[in-house]
Amino acid sequence: MDKLRVKISGYGGQGIILSSYIVGKAVSIYDGKSATMTQAYGPEARGGACSSQVVIDKGQVDYPLVDSAEVLVALSQEGYDKFFHILNKGGVLFYDKDLVTELKDHTDVVEKAIPATRIAENMGKKIVANIVMLGYVTAQTKFVTPKAMEAAIRGSVPQKYVDLNIKAFTTGYKYKKE
Amino acid sequence: MIKKSKLRGEFFMQGDIACAEGAIAAGCRFFGGYPITPASEIAERMAYRLPLVDGAFIQYEDEIASMAGIIGASWAGAKPMTATSGPGISLMNENIGLGMMMETPCVVINVQRGSPSTGLPTSWGQADMMQARWGSHGDYGSISLSPNSPQEFFDLTIVAFNYAEKYRLPVFVVTDAVVGHMTEKVVIPPVEELDIIDRKYTNKKPADYRPYDPDDDLIPPFAKAGDGYRYHSTGLTHDERGYPVMSEECQRRCAKRLVDKIKKNADDIIITEEHDIEDADVVVVSYGISSRTVIPAMEKAKEKGVKVGFLRLVTVWPFPEKQIRELSKQIKGFVVVELNLGQVVLEVERCAAKHAETKLVGHPGGGMHKMDDIVNAILEVANEQ
């Protein structure tokens, strides 16, 4: 696929913006493709609905916004409810199976569930749930290489949390359905 | 944390941050401003970065003082910048006129949001384009650059400083909230690889120097503050000494040179980007963020058999009159795509009137053009008898 649009949604404090930043950086700095990241910029606060988006292209990214997406990552029920309609036919929905519990009757999208927050909690830090999810998304979609993602994570999180985040990524990457 | 005073390399960087880094690379060492969405990140970055390069950051009480502050800093020899959005430009316009009249090099960034008035603070538009050209009262030539990506926001901020120093005036970079808040790859070359222009200083002795006596290029050279040169500069109509002279003759000389120094150097200033212009029947004209919807729309129109080209205005002011006039003789018509209800389209119409049709695809901001609206406009112009 030459062009891919990714929407990541959840609530403020989950690292939704950072997730898109890491994906965009991995793709554009380490994988040699183009990426444009934009974020919903409103009166969002911790706990409120929050979303970010990345457009990935082999060539230049022209139109930078995401009106419809090939990949939707939902880390909250509200995030799912708000954005499931932008997912294209044949698109992939990634969701945290403990946080998104009421799914519409999808017939034309691929659903991929992972208990990202629970896994992160078991690692001792709930805040790396987004990175667990990114690991899973990386393994299941292949639009970005794990090597690039690791490099982007290393450059984007505080130094003392690098190891934890890499571990979170690897755990998500290796996740198999329960 | 950034340890190095000057950045180089590849970054995944937000537009506003890239603008601040472009300013630092161009030699900007003074920022005076008042934060406003969606330009706040520029001030934030400058507040952090300037002390690392021995520069100064001042947050003023408002935009009126900010503009006055950068004019003062420029006269002290610094390359200064301010950054704001439409509401801030409205407040700065009186002092922007002073900067034009005193011929003060400085850079004014406008990250446009939805307007008029406070409008849509967190969303975007391109409805300040005429304000950038005619915002302050009076006749003066002016320059506005319009980047459509973080990389270009970096690059054009440097160009803006170069033009400001070369032509001695406040230069605008007029972008929008999408570009300001968008994050993309930005390549920052080593400083020594950048083309940096600094203002010209006189080689005359203090006794022979007159501060507003222009060279053949219509630009008067500066004298360094503190070097013993006598100076007088004012917003009043002035002669070559800088002294107020209330005569028709002096007004003609003074105002005419402010217009001519840009008009006569337009070929040197104007930057455009052309795609498939040569055998086009329809040419789309756009700038800034709007221009990024044009390429996919063009591809669609081409699939329907239309010969369509694209002229992107990297500088919007001075307007590329010559280029539009020439093109209008070869094509059926222009389609102008902008996030306002008709501003730059007026200039295209004016220059194309005799030979080609002009059609606006406008949008009030807060969203983006539908690609089909652009495609349909291209088809309509192409199919007109």
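The shown structure was predicted, so the numbers you read here are calculated from the model rather than taken from an experiment.

Counting secondary structure elements, chain B contains 13 helices and 15 strands. On C-alpha atoms alone, chain B measures out to a radius of gyration of 21 Å, which is about the 21 Å that the 2.2 N^0.38 rule sets for 385 residues. Along the longest, intermediate and shortest principal axes, the C-alpha atoms of chain B span 70 × 55 × 40 Å. For chain B, buried positions account for 59% of its 385 residues. Sequence-distant contacts, at least 24 apart, represent 76% of the contacts inside chain B between residues at least 6 apart. When the accessible area of chain B is evaluated, it comes to approximately 15400 Å², of which 51% is carbon and sulfur surface. Taking the average location of the 42 positive side-chain charges in chain B and that of its 53 negative ones, the two points are 4 Å from each other.

A few words on the overall build of chain A. Assigned secondary structure in chain A consists of six helices and six strands. In chain A, the succession of α and β elements from N to C terminus is β-α-β-β-β-α-β-β-α-α-α-α. Computed over its C-alpha atoms, the radius of gyration of chain A comes to 15 Å, within 12% of the 16 Å expected for a compact globule of 178 residues. Taking the principal axes of its C-alpha atoms as reference, chain A extends roughly 40 × 35 × 35 Å. Accessible surface for chain A amounts to roughly 8100 Å². Of this, 50% is attributable to carbon and sulfur atoms. The positive charge centre, built from 23 side chains, and the negative charge centre, built from 19, are 7 Å apart in chain A.

Our focus in this paragraph is the side chain of B:Asn162. Positionally, B:Asn162 belongs in helix H6 (residues 150-167). With residues up to four places along the chain from it excluded, the contact list for B:Asn162 reads B:Asp195, B:Ile196 and B:Ile197.

Between B:Thr37 and B:Pro38 the backbone carries a cis peptide bond, its omega angle lying at 0°. Looking at where B:Pro38 falls in the secondary structure, it is placed in the loop between strand E2 (30-33) and helix H2 (40-49). In this structure, B:Pro318 follows B:Trp317 across a cis peptide bond, with omega equal to -5°. We note that A:Lys142 has phi near 65°; this positive angle belongs to a residue other than glycine. You can see A:Lys142 is positioned in the loop between helix H4 (129-141) and helix H5 (146-156). Even without being glycine, B:Glu103 reaches a positive phi, approximately 55°. Within the secondary structure, B:Glu103 is located in the loop between helix H4 (86-102) and strand E5 (106-114).

Residues and elements named next belong to chain B. The full count for this structure, using the stated rule, is one cavity of 30 Å³ or more. Here the largest cavity defines a volume of roughly 60 Å³. Lining the largest cavity are Lys6, Leu7, Glu21, Ile24, Ala25, Arg49, Ile188, Pro189, Val191 and Leu194. No other element matches the three residues that helix H1 (residues 15-26) contributes to the lining of the largest cavity.

Residue and element names in this part refer to chain B. Examined against the element boundaries, Thr202 turns out to sit in the loop between strand E9 (183-188) and helix H8 (248-263). Judged by relative accessible area, Thr202 falls into the buried class, the value being 15%. Residues Thr202 and Ala223 lie 21 residues apart in sequence; the distance between their C-alpha atoms is 5.7 Å. When residues no more than four places from it in sequence are discounted, the contact partners of Thr202 are Tyr209, Pro221, Phe222, Ala223 and Tyr229. Reaching out from Thr202, the side chain makes a polar contact with the backbone nitrogen of Lys204 at a distance of 2.9 Å.

The next subject is the interface of chain A and chain B. The interface is formed by 17 residues belonging to chain A together with 19 residues belonging to chain B. Of the roughly 1500 Å² buried between chain A and chain B on both sides combined, carbon and sulfur atoms contribute 64%. One can count zero salt bridges joining chain A with chain B. Within the residue set of the side of chain A that touches chain B, elements represented by two or more residues are helix H1 (16-30) and strand E2 (34-39) of chain A. With six residues, the single largest contributor to the side of chain A that touches chain B is H1(A). Class assignment for the residues of the side of chain A that touches chain B results in nine nonpolar, six polar and two charged.

Bringing the domain arrangement of chain B into the picture now. Residue and element names in this part refer to chain B. What the domain assignment reports for chain B is domain 1 (9-193) and domain 2 (273-383). For domain 1 versus domain 2, the separation of C-alpha centres amounts to 27 Å. Taken together, the 27 residues of domain 1 in the interface contact 24 residues of domain 2. Between domain 1 and domain 2, the buried area comes to about 1900 Å², and carbon and sulfur atoms account for 56% of it. For the interface between domain 1 and domain 2, the tally reads two salt bridges. Of the charged contacts in the structure, one is a salt bridge between Arg312 and Glu152, with a shortest N-O distance of 2.6 Å. Elements supplying a minimum of two residues to the side of domain 1 that touches domain 2: strand E6 (120-124), helix H5 (129-134), strand E7 (144-145), H6 and helix H7 (177-181).

Another aspect to go through is helix H6 (residues 162-173) of chain A. Residue and element names in this part refer to chain A. The end-to-end C-alpha distance of H6 is 16 Å, a good match for the 16 Å that twelve residues give at a rise of 1.5 Å each. Residues Val162, Leu164, Asn165, Ile166, Ala168, Phe169 and Gly172 constitute the buried set of H6. Elements in contact with the buried residues of H6: strand E6 (110-114), H4 and H5.

A few words on the side chain of B:Asn340. Of note, B:Asn340 is situated in the loop between strand E14 (333-337) and helix H12 (344-352). Contact partners of B:Asn340, with chain neighbours within four places excluded, come to B:Gln126, B:Ala127, B:Met129, B:Tyr287, B:Gly362 and B:His363.

Let us now look at the state of the cysteines. The term disulfide refers to a covalent linkage connecting the sulfur atoms of a pair of cysteines. Residue and element names in this part refer to chain B. Summed over the entire model, instances satisfying the criterion amount to zero disulfides over all chains. Unpaired in this structure, Cys19 has its nearest cysteine sulfur neighbour in Cys28, at a distance of 9.1 Å. Cys19 gets classed as buried once you look at its relative accessible area, which sits at 0%. With no disulfide partner, Cys106 has as its closest neighbouring cysteine sulfur the one in Cys28, 10 Å distant. On the basis of relative accessible area, Cys106 is assigned to the buried category, the value being 1%.

With that settled, consider the sheet that holds strand E10 (residues 272-275) of chain B. All names here are of chain B. Read across the open sheet, the five strands follow the order E10-E12-E11-E14-E15; overall the sheet is mixed. In this open sheet, the two edge strands, each paired with only one partner strand, are E10 and strand E15 (357-361). Averaged over all adjacent pairs, the angle separating strand axes in this sheet is 20°, with direction ignored. Both E14 and E15 contribute to a ladder of five bridges, which runs parallel. When the bridges of E15 are listed, Val335 appears paired with Lys359. Along the sheet, helix H13 (residues 371-383) makes contact with strand E11 (282-286), strand E12 (308-313), E14 and E15, crossing E15 at roughly 165°.

Quick notes on the rules
Residues numbered from 1 in each chain as written. Chains lettered and ligands numbered in written order. Predicted model: local features only at pLDDT ≥ 70, side-chain atom pairs only at ≥ 80, totals over all residues. Heavy atoms only, no water. Helix = DSSP H or I, 4+ residues; strand = E, 2+ residues; numbered from the N terminus. Rg over C-alpha atoms; globule rule 2.2 N^0.38 Å. Buried < 20%, exposed > 50% of the residue type's maximum accessible area, 1.4 Å probe, protein only. Contact = heavy atoms within 4.5 Å. Areas by Shrake-Rupley, 256 points an atom, 1.4 Å probe, with all protein chains shown as cover. Lys, Arg positive; Asp, Glu negative; His and termini not counted. Charge placed at Lys NZ, Arg CZ, Asp CG, Glu CD. 1 Å grid on protein atoms, 1.4 Å probe; cavity = no way out; pocket = protein on both sides within 12 Å on 5 of 7 lines; lining within 4 Å. Points joined across faces, edges and corners; volume = space filled by probe spheres on them. Polar contact = N/O pair within 3.5 Å; in protein donor to acceptor, adjacent residues only side chain to side chain. Buried area = accessible area lost by both parts, 1.4 Å probe. Salt bridge = Lys/Arg side-chain N within 4 Å of Asp/Glu carboxyl O. Nonpolar A, V, L, I, M, F, W, Y, C, P; charged D, E, K, R; others polar. Domains from an automatic or database assignment. Expected span 1.5 Å × (residues − 1). Disulfide = S-S within 2.5 Å. Pairing = 2+ DSSP bridges. Axes fitted to C-alpha atoms, helices over the stretch in contact; angles between N-to-C directions.

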